[in-house]
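Analysis of the macromolecular model
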Amino acid sequence: MKLAFYLLFLITSISFSQDNNCSCCTEKHSQFDFWLGDWQVTNPSGKIVGSNSIKKVQGNCVLQENWVGGDGTFTGTSYNFFNQKTGKWEQIWLDNGGGSLHLKGERIANQMILKSDSFKNIDGKNIYHQITWTHNANGTVRQLWETFVEGEKTKISFDGLYAKID
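Rules of the game
- Within any chain, residue numbers begin from 1 and follow the written order of that chain's sequence.
- Whole-chain, interface and lining totals are the exception, using all residues; otherwise, since this is a predicted model, local features are given only for residues with pLDDT of at least 70 and side-chain atom pairs are given and counted only at 80 or more.
- Note: side-chain values were computed over all heavy atoms of the structure, leaving out hydrogens and water.
- Put simply, DSSP H or I for four residues or longer makes a helix, DSSP E for two residues or longer makes a strand, and each gets a number counted from the N terminus.
- Only protein chains enter the area calculation, which uses a 1.4 Å probe; residues under 20% of their type maximum are buried, those over 50% are exposed, and those in between are partly exposed.
- Here a residue-residue contact requires only that any non-hydrogen atoms of the pair lie within 4.5 Å.
- Per-residue accessibility takes into account occlusion by the displayed protein chains alone, with areas from the Shrake-Rupley method and a 1.4 Å probe.
- Cysteine sulfur atoms are paired as a disulfide whenever they fall within 2.5 Å.
- Geometry of aromatic contacts follows a simple scheme: Phe, Tyr and Trp rings, the Trp one being its six-membered ring, pair when their centres are within 6.5 Å, and the pair is stacked under 30 degrees between planes, edge-to-face over 60, tilted otherwise.
- Note on definitions: salt bridges are taken to be side-chain nitrogens of Lys or Arg within 4 Å of carboxyl oxygens of Asp or Glu.

A few words now on the overall build of the protein. For the protein, the helix and strand inventory stands at one helix and eleven strands. Secondary structure elements of the protein occur, N-terminal to C-terminal, as α-β-β-β-β-β-β-β-β-β-β-β. Expressed as a percentage of its 166 residues, the buried residues of the protein come to 34%. A fraction of 29% describes how many contacts in the protein between residues 6 or more apart in sequence connect residues 24 or more apart. When the accessible area of the protein is evaluated, it comes to approximately 10,300 Å², of which 56% is carbon and sulfur surface.

This is how it looks when you write it as structure tokens:
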């Protein structure tokens with residue numbers, strides 16, 4: 001009887017300690033989980049423009065994206081995380097062309113909306129980027145990247161529909 005009680009206590013203790021050790025197993029940290037998986041990405045006309053693999057790393061604290069463009073020559077990786085200090089989501093993107101982008105934002109309803117800080121372009125105009133991921137009811141995800149330049153019409157830099165690869 002004492003052995004059964006001890007085993008029950010031990011199993012319960014291990015279970016609770018595992019839950020307590022996962023500092024990123026919160027509702028806020030799971031807000032971007034709809035983007036997890038392996039995806040085929042198409043543009044609005046249905047042409048395949050790339051593939052993407054998103055997984056959780058670092059003890060479920062970071063979503064790591066690995067992008068490969070349709071022709072295989074353009075690649076990039078992003079790290080996405082919920083910043084507990086600011087209460088915002090952040091993305092840091094780096095690619096094989098030397099490009100980088102840092103975005104911050106939050107989830108609103110079925111969308112994750114992240115924006116860059118404003119900066120001056122070569123013409124001295126304020127510019128910023130906004131990327132919105134929309135979790136669609138059918139399980140697909142739309143990624144819309146808009147570029148806003150002071151005094152100009154909004155430019156769509158990327159519009160992709162993510163469909164899970166089985």
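Next up on the list: the state of the cysteines. Under the counting rule described, the total for this entry stands at two disulfides. Sulfur-sulfur distance for the disulfide between Cys22 and Cys25 comes to 1.7 Å. Torsion about the S-S bond of the Cys22 and Cys25 cystine: about 70 degrees, corresponding to right-handed handedness. By relative accessible area, which is 18% here, Cys22 ends up buried.

In the structure shown here, the tally under the stated rule is eleven aromatic pairs. When the centroid spacing of 5.8 Å and the interplanar angle of 80 degrees are considered together, the rings of Trp39 and Tyr162 count as edge-to-face. Of this pair, Trp39 sits in strand E1 (residues 37-42) while Tyr162 sits in strand E11 (residues 155-164), placing them 123 residues apart in sequence. What makes Tyr162 buried here is its relative accessible area of 1%. Ring centres of Tyr128 and Phe148 lie 4.8 Å apart, and the angle between their planes is 15 degrees; on these two criteria the pair is classed as stacked. Separated by 20 residues along the polypeptide, Tyr128 in strand E9 (residues 126-135) and Phe148 in strand E10 (residues 141-149) bring together distant segments of the chain. A relative accessible area of 27% places Tyr128 in the partly exposed class. Taken together through their ring pairs, the aromatic side chains of Phe32, Phe34, Trp35, Trp39, Phe82, Trp89, Trp133 and Tyr162 make up a single cluster.

Moving on, we get to the pattern of salt bridges. On inspection of all chains with the given rule, the structure shows five salt bridges. A salt bridge links Glu152 to Lys125; its shortest N-O distance comes to 3.1 Å. In this pair, Glu152 is assigned in the loop between E10 and E11 and Lys125 in the loop between strand E8 (119-120) and E9, connecting sequence segments 27 residues apart. One salt bridge in this structure joins Asp159 and Arg142, with 2.8 Å as the shortest N-O distance. Residue Asp159 is found in strand E11, and its partner Arg142 is found in strand E10; the two are separated by 17 residues along the sequence. Judged by its relative accessible area of 18%, Asp159 is buried.

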